[in-house]
Amino acid sequence: LNYALASSLLLMERNDCSIGGTGVGKGGSVVCDLNVLFEEIANLSYAGDPRMDIGGEDPAKVHKLVHSPGQSERFWNLYRYGLEELHSKGLIHVTNGTTSQKTLEYNPCDMSTRSALFSMLPPRLKQFPSSSNGSGELSQLQLARAITDIVKPAARDQSIKGALTAGIVRSVRYAGAKFAKGALRKFPLL
């Protein structure tokens, strides 16, 4: 869970916080709804998923996973201790209140925060070639690509296993229905 938390905080953009929250706080820190972080965490599972790439999955799936009734509380219960640990180290600040009212404040550009979060990444992500800025850390783009490279083979294999388990004909029908649903979402009938 801490790997996902650190990865998501490193991947979050200032824009994510501007969209999901109140924007820029003190000293260049960003303030956002805690659900923005939870969406970034949920999104890790779909990075490189071929179903997302070809339109075979609902593009709003991650948003729905986080914002469905009770889900914010579930995410909070899973990540609470990791968030509290980061808060106690002074790397982030999470406001008090109900889960739906909590906000996250941190400075994604602060090098000590980035270094601490980078040190929390799984060893496999630390093995990817790092950026050329001399910090030895992955850039956001490099981190996103590294996660995609890890998720893609497992997601592809899972899709193939699902197709074989369900049978080819059933899988083709299911995929056709999913694609049709996705096409209708993109081009709604008047």
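Scroll up a little and you will see the structure.
Computed from a prediction, not measured in an experiment: that's the story for all the values here. (Residues numbered from 1 in each chain as written. Predicted model: local features only at pLDDT ≥ 70, side-chain atom pairs only at ≥ 80, totals over all residues. Heavy atoms only, no water.)

**Student:** Would you mind going over the overall build of the protein in detail, with residue names and values included?
**Tutor:** Regarding its fold elements, the protein presents 10 helices and 4 strands. The buried share among the 190 residues of the protein stands at 36%. For the protein, long-range pairs separated by at least 24 residues make up 60% of all intrachain contacts whose partners lie at least 6 apart in sequence. Here the protein displays about 11,100 Å² of accessible surface, and carbon together with sulfur accounts for 58% of that area. (Helix = DSSP H or I, 4+ residues; strand = E, 2+ residues; numbered from the N terminus. Buried < 20%, exposed > 50% of the residue type's maximum accessible area, 1.4 Å probe, protein only. Contact = heavy atoms within 4.5 Å. Areas by Shrake-Rupley, 256 points an atom, 1.4 Å probe, with all protein chains shown as cover.)

**Student:** Run through the pattern of salt bridges, naming residues and quoting values.
**Tutor:** In the structure shown here, the tally under the stated rule is 2 salt bridges. Across the salt bridge formed by Glu-84 and Arg-80, the nearest N and O atoms sit 2.9 Å from each other. Of this pair, Glu-84 and Arg-80 both sit in helix α6 (residues 71-88), 4 residues apart, which is roughly one turn of the helix. Residue Glu-84 is classed as partly exposed on the basis of its relative accessible area, which comes to 34%. Residue Arg-80 is classed as partly exposed on the basis of its relative accessible area of 34%. Among the salt bridges present, the one from Glu-85 reaches Lys-89, with a minimum N-O distance of 3.2 Å. The class of Glu-85 is partly exposed, set by a relative accessible area of 36%. (Salt bridge = Lys/Arg side-chain N within 4 Å of Asp/Glu carboxyl O.)

**Student:** With reference to specific residues and values, describe the pairing of strand β4 (residues 103-106).
**Tutor:** Burial along β4 is one-sided: Leu-104 and Tyr-106 are buried, and none of Thr-103 and Glu-105, which face the opposite way, are. As paired strands, strand β2 (residues 30-33) and β4 are joined by 4 bridges and run antiparallel to one another. Paired with Asp-33 across the strands is Thr-103, a residue of β4. Pairing between strand β3 (residues 92-94) and β4: 3 bridges, direction antiparallel. Each bridged residue has a counterpart across the sheet, and for His-93 the counterpart in β4 is Glu-105. (Pairing = 2+ DSSP bridges.)

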